[in-house]
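# Coordinate inspection notes
Each chain, letter by letter, is given below.
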Amino acid sequence: MESVVQNAESVIRLSLFFGLFVIFGVFEVLWPRKSLTSPKLSRWFGNLSIQIGNAVLLRLVFAIVGLTAVGFSAFIEANQFGLLHQINLPQVLGLLLGFLILDGAVYGQHLVLHKVPVLWRLHRMHHADTDIDVTTGLRFHPLEILVSMAFKFAVILMFGVNPFTVLIFEIVLNATSMFNHANMALPPSLDRVLRLFVVTPDMHRVHHSVHTAEYNHNFGFNLPWWDRMFGTYQDQPVDGHDAMTIGLPTYRGPEWRSPWRLLRIPFDNDTPRHAPDQGQGQGHLT
Ligand SMILES: [Zn+2]
Ligand SMILES: [Zn+2]
């Protein structure tokens, strides 16, 4: 019975993933927000190879550990560990609170990935993409995936987030990550309203700016409120969305689109941890 439920969960997740990927991908072709600077084919090959590798890695972890985040939260629930299991909350409130805790934790984790040098080594692979589109939202170093997984398990253990909330959160986060990286031109009026509730592509694009001052803003992946609460919110890129340069000052050549080179980025010692800012308002790199 359990495996039937797990299979149904996998089918729902995969269908949603492919459905949204196609919708955002088509939207990007029909109504792009920003012209791409690198050949799409080689970028997509690199980014999607990393995503496929990560999916295989997660399968392996599951085979070894025997648990996904949802499975782990079911174990925590059965043993009544964690803060939320100690308070008797109505189901809906428990779900909302659990969702907020997980989302706040992802915001905090993202901030730490930028501030701790060894973690930035892993995360900078995500930032090294010289364009931003739906595939950038899937491009995370496998070691960052493992760190994120361990951190998520710790949060679930500490707060006792229930399995249903973890499942909803993972599905929503996967969808919003593809959405906020998509190169889609949304009407400015719609963006203004949407970013009150969710991180929009224009909001997250600021985070992919080449300028240090800008990529240390807008850490949210899903709810936009944490950045506003903790003073890390930036409304628009200084150079404007059309003129802004995406990526990091190094890792700009075609060789950095190969999946093998991408995997080596954390171990590259020639690159300064935070490359010097090119200054705000200077437009393209030379
Ligand atoms: Zn980041
Ligand atoms: Zn991003």
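All figures in this text were calculated on a predicted structure; none of them were measured in a lab.

What counts and how
Residues numbered from 1 in each chain as written. Chains lettered and ligands numbered in written order. Predicted model: local features only at pLDDT ≥ 70, side-chain atom pairs only at ≥ 80, totals over all residues. Heavy atoms only, no water. Helix = DSSP H or I, 4+ residues; strand = E, 2+ residues; numbered from the N terminus. Areas by Shrake-Rupley, 256 points an atom, 1.4 Å probe, with all protein chains shown as cover. 1 Å grid on protein atoms, 1.4 Å probe; cavity = no way out; pocket = protein on both sides within 12 Å on 5 of 7 lines; lining within 4 Å. Points joined across faces, edges and corners; volume = space filled by probe spheres on them. Buried < 20%, exposed > 50% of the residue type's maximum accessible area, 1.4 Å probe, protein only. Contact = heavy atoms within 4.5 Å. pLDDT = per-residue confidence, 0-100. Donors = N, O, S within 2.8 Å, 3.2 Å for Na, K, Ca; no water. Tetrahedral: all angles 85-135°; square planar, octahedral: opposite > 155°, others 65-115°.

Secondary structure summary: the protein chain contains 12 helices and zero strands in total. Counting from the amino terminus, helix and strand elements in the protein chain follow one another as α-α-α-α-α-α-α-α-α-α-α-α. Projected onto its principal axes, the C-alpha positions of the protein chain cover 60 × 40 × 40 Å. Put simply, the protein chain shows about 13,900 Å² of open surface, and 71% of that area lies on carbon and sulfur atoms.

Of the volumes computed, that of the second largest pocket is approximately 240 Å³. If you go around the second largest pocket, you meet 16 residues; those closest to its centre are L89, Q91, G94, L95 and N162. At the level of secondary structure, the elements contributing two or more residues to the lining of the second largest pocket comprise helix 4 (91–115) and helix 7 (163–181). Looking at the lining of the second largest pocket, the element that brings in the most residues is helix 4, giving four residues.

Take P201: it is sitting in helix 9 (residues 201–207). Judged by relative accessible area, which is 1%, P201 ranks as buried. In this structure, the C-alpha to C-alpha distance between P201 and F179, residues 22 residues apart in sequence, is 6.7 Å. Setting aside its immediate chain neighbours within four residues, P201 contacts F179, N180, A182, M184 and L186.

Of all residues in the protein chain, 92% have pLDDT values of 70 or greater, and the mean over the chain is 91. With pLDDT under 50 throughout, residues 275–286 is counted as low confidence; its partners more than four residues away or in other chains account for 32 contacts.

What follows covers empty space enclosed by the protein. A water-sized probe rolled over the atoms picks out the places where empty space is left. Under the definition given, this model contains two cavities of 30 Å³ or more. The volume enclosed by the largest cavity comes to roughly 80 Å³. Taken together, R43, A128, D129, T130, R139, Y251, R252, G253, W256, R257, L262 and I265 make up the lining of the largest cavity.

The coordination sphere of the zinc ion (ligand 1), as far as protein atoms go, consists of H110 (NE2), H114 (NE2), H123 (NE2), H127 (NE2) and H207 (NE2), spread over 2.1 to 2.2 Å. In primary-sequence terms, the residues that donate to the zinc ion (ligand 1) follow H-x3-H-x8-H-x3-H-x79-H. Here the zinc ion (ligand 1) and the zinc ion (ligand 2) are spaced 5.6 Å apart. Of this pair, H110 sits in helix 4 while H207 sits in helix 9, and the two are 97 residues apart along the sequence. On the accessibility criterion, H207 (0% relative accessible area) is buried.

Moving on, we come to the coordination of the zinc ion (ligand 2). The zinc ion (ligand 2) binds to the protein through H126 (NE2), H181 (NE2), H204 (NE2) and H208 (NE2); the donor distances cover 2.1 to 2.2 Å. Between the four donor atoms coordinating the zinc ion (ligand 2), the angles at the centre fall across 89 to 165°, so the site counts as irregular. Here the donor residues of the zinc ion (ligand 2) share one chain and are spaced in sequence as H-x54-H-x22-H-x3-H. Residue H181 is classed as buried on the basis of its relative accessible area, which comes to 1%.

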